[in-house]
Amino acid sequence: MEEIGNSIREFVETSGFQAFILAFFILVFTAIAVHLISRLIRRALSSDGITLPSSSILINVVRVTIWVFSLSLILSWCFKIDVQGLLAALGVGGILVSLGLQDTVKNLFGGLQVTLMKIVKPGDHIIVGATEGIVSDVSLRHTVVNDYEGTTHLIPNAVLNNTEVQKIEPHHLVSTMISFVNDTRDIDTTIR
């Protein structure tokens, strides 16, 4: 029995076990931090007086940034891996991957440009080419537009940057409601 206790004590005192424990705590802390920061950003963007639109792209960029930083801390502190060399290798590999994923990269940076330059934001009434509707979200790859017939259109962000976008201000929108009664003598027309 004493040998089992000594074996457990030796295992716990090894640096490998301590590294895994530290990595576990960093991952838990990161998950909690990502959740709280995402909620805080969502709340800040939805409050009145903030000029940035409430788009999912901003929250996703912050999430990815926090996770990359956390994983680099784990690799550096817990497993003694040179993160600088790894980042340099990833940079070179990133260039090669970006050449293969040009459309995705265009849409990602197009989404950031659409969001940060306030070209469109959720709630805007827009016309892009033959599509007319209300913007519901600006995500990493596309902007979601719901037309007035209930159809959802996914417009690539690169298209929004290269195509004329018409924004219709709410006070310029006109809606007309016409109701007809079966009796030809009573035709009720209502315009609002």
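Residues numbered from 1 in each chain as written. Predicted model: local features only at pLDDT ≥ 70, side-chain atom pairs only at ≥ 80, totals over all residues. Heavy atoms only, no water.

Peer 1: So what's going on with the side chain of Ser 70? Which residues, and what values?
Peer 2: The topology assignment puts Ser 70 in helix α3 (residues 56-78). Exposure remark for Ser 70: the relative accessible area of 3% places this residue in the buried category. (Helix = DSSP H or I, 4+ residues; strand = E, 2+ residues; numbered from the N terminus. Buried < 20%, exposed > 50% of the residue type's maximum accessible area, 1.4 Å probe, protein only.)

Peer 1: Which residues make up the pattern of salt bridges, and what values go with them?
Peer 2: All chains considered together, the criterion is met by two salt bridges. Between Asp 124 and Lys 121 there is a salt bridge, with the nearest N and O atoms lying 3.7 Å from each other. Judged by relative accessible area, which is 34%, Lys 121 ranks as partly exposed. A salt bridge links Asp 124 to Lys 167, with the shortest nitrogen-to-oxygen separation between them at 3.4 Å. Pair noted here: Asp 124 is in the loop between α5 (102-116) and β1 (125-128) and Lys 167 is in strand β5 (residues 165-168), with a separation of 43 residues, a long-range link. Residues joined in a network through salt bridges with shared partners are Lys 121, Asp 124 and Lys 167. (Salt bridge = Lys/Arg side-chain N within 4 Å of Asp/Glu carboxyl O.)

Peer 1: Run through the packing of α3 against α5, naming residues and quoting values.
Peer 2: Relative orientation of the contacting elements α3 and α5 amounts to 120°, with a least axis distance of 9 Å. As judged from the angle between their axes, α3 and α5 are oblique. For the element pair α3 and α5, the recorded crossing hand is left-handed. Counted together, Ile 57, Leu 58 and Val 61 of α3 and Leu 108, Gly 111, Leu 112, Thr 115 and Leu 116 of α5 form the full contact between these two elements. Among the residues making up the contact of α3 with α5, the classes are represented as six nonpolar, two polar and no charged. (Axes fitted to C-alpha atoms, helices over the stretch in contact; angles between N-to-C directions. Parallel < 35°, antiparallel > 145°, perpendicular 65-115°, else oblique. Left-handed = near helix turned anticlockwise from the far one by under 90°. Contact = heavy atoms within 4.5 Å. Nonpolar A, V, L, I, M, F, W, Y, C, P; charged D, E, K, R; others polar.)

Peer 1: Tell me about helix α2 (residues 15-46), and please be specific about residues and values.
Peer 2: With 32 residues, α2 ought to run about 46 Å at 1.5 Å a step, and its terminal C-alpha atoms sit 46 Å apart, in line with that. Among the residues making up α2, those that are buried are Ala 19, Ala 23, Ile 26, Thr 30, Ala 33, Val 34, Ser 38 and Leu 45. Where α2 is buried, its residues meet α3. (Expected span 1.5 Å × (residues − 1).)

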